[in-house]
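Chains, contacts and geometry: an overview
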Amino acid sequence: QVQPVESGGDLVQEGGSLRLSCAASGSIFAIYAMGWYRQAPGKQRELVAAITRTGSTTYADSVKGRFTISRPAAKNTVYLQMNSLKLEDTAVYYCNAGHSWPPNDYWGQGTQVTVSS
């Protein structure tokens, strides 16, 4: 069964950078898209970025120009490069893989990103 596993969450100063990684088991033909969601205290879970098998991407308006999602060809792996981090980026970040757009089928357990002043 598909099992996404995230890594890379950390405590970082405002303005700093982090790179999150996610690897998911399973056939590449069973996973159309992968992406990242996040949930901050008191807020709804939101899509941060997602990417299809062919490289089409989408980003939340709040992270455009700061975050970049990437996915190596023919691999169930996805990365999220986060630059110019803001306090409001503090959240648990969840990897997801799925058969639709945006992906919403297989969830990772999350990795904590904390941005401090």
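Up top you'll find the structure we're talking about.
Described below are features of the structure shown in this document. From a predicted model like this one, the values you see are computed outputs, not experimental measurements. (Residues numbered from 1 in each chain as written. Predicted model: local features only at pLDDT ≥ 70, side-chain atom pairs only at ≥ 80, totals over all residues. Heavy atoms only, no water.)

A few words now on the overall build of the chain. Along its length, the chain carries 0 helices and 11 strands. Counting helices and strands in the order they occur from the N terminus, the chain gives β-β-β-β-β-β-β-β-β-β-β. A compact globule built from 117 residues should have a C-alpha radius of gyration of about 13 Å, and the chain, at 13 Å, falls within 12% of that. Structurally, the chain occupies a C-alpha span of about 45 × 25 × 20 Å along its principal axes. (Helix = DSSP H or I, 4+ residues; strand = E, 2+ residues; numbered from the N terminus. Rg over C-alpha atoms; globule rule 2.2 N^0.38 Å.)

This next bit is on the state of the cysteines. Within this structure, the stated rule accounts for 1 disulfide. In this model, C22 is linked to C95 through a disulfide, with the two sulfur atoms separated by 2.0 Å. Every disulfide takes its handedness from the sign of the S-S torsion; for C22 and C95 that torsion is -80°, giving left-handed. Placement of the pair is C22 in strand 3 (residues 18–24) and C95 in strand 9 (residues 91–98), with a sequence separation of 73 residues. For the pair formed by C22 and C95, the shared burial category is buried. (Disulfide = S-S within 2.5 Å. Buried < 20%, exposed > 50% of the residue type's maximum accessible area, 1.4 Å probe, protein only.)

Along the chain, the position of L85 falls in the loop between strand 8 (77–82) and strand 9. Put simply, L85 and R38 are 47 residues apart on the chain and 14 Å apart in space, counted from C-alpha to C-alpha. Not counting chain neighbours up to four residues away, the residues in contact with L85 comprise V12, E14, G15, G16, S17, L18, R66, F67 and V115. (Contact = heavy atoms within 4.5 Å.)

Going from W101 to P102, the amide bond is cis rather than trans, its omega being -5°. Note that P102 resides in the loop between strand 9 and strand 10 (106–107). Although it is not a glycine, S84 sits at a positive phi angle of roughly 50°.

We now examine the nonpolar core. Grouped together as the largest cluster of nonpolar side chains are 28 residues, with contacts concentrated most on W36, L80, M82 and Y93. Secondary-structure elements contributing two or more residues to this core are strand 3, strand 4 (33–39), strand 5 (46–52), strand 7 (67–70), strand 8, strand 9 and strand 11 (111–116). L80 has contacts with L18, R19, L20, W36, V48, A49, F67, T68, I69 and Y93, leaving out every residue within four places of it along the chain. (Core = buried A, V, L, I, M, F, W, Y, C linked by side-chain atoms within 4.5 Å.)

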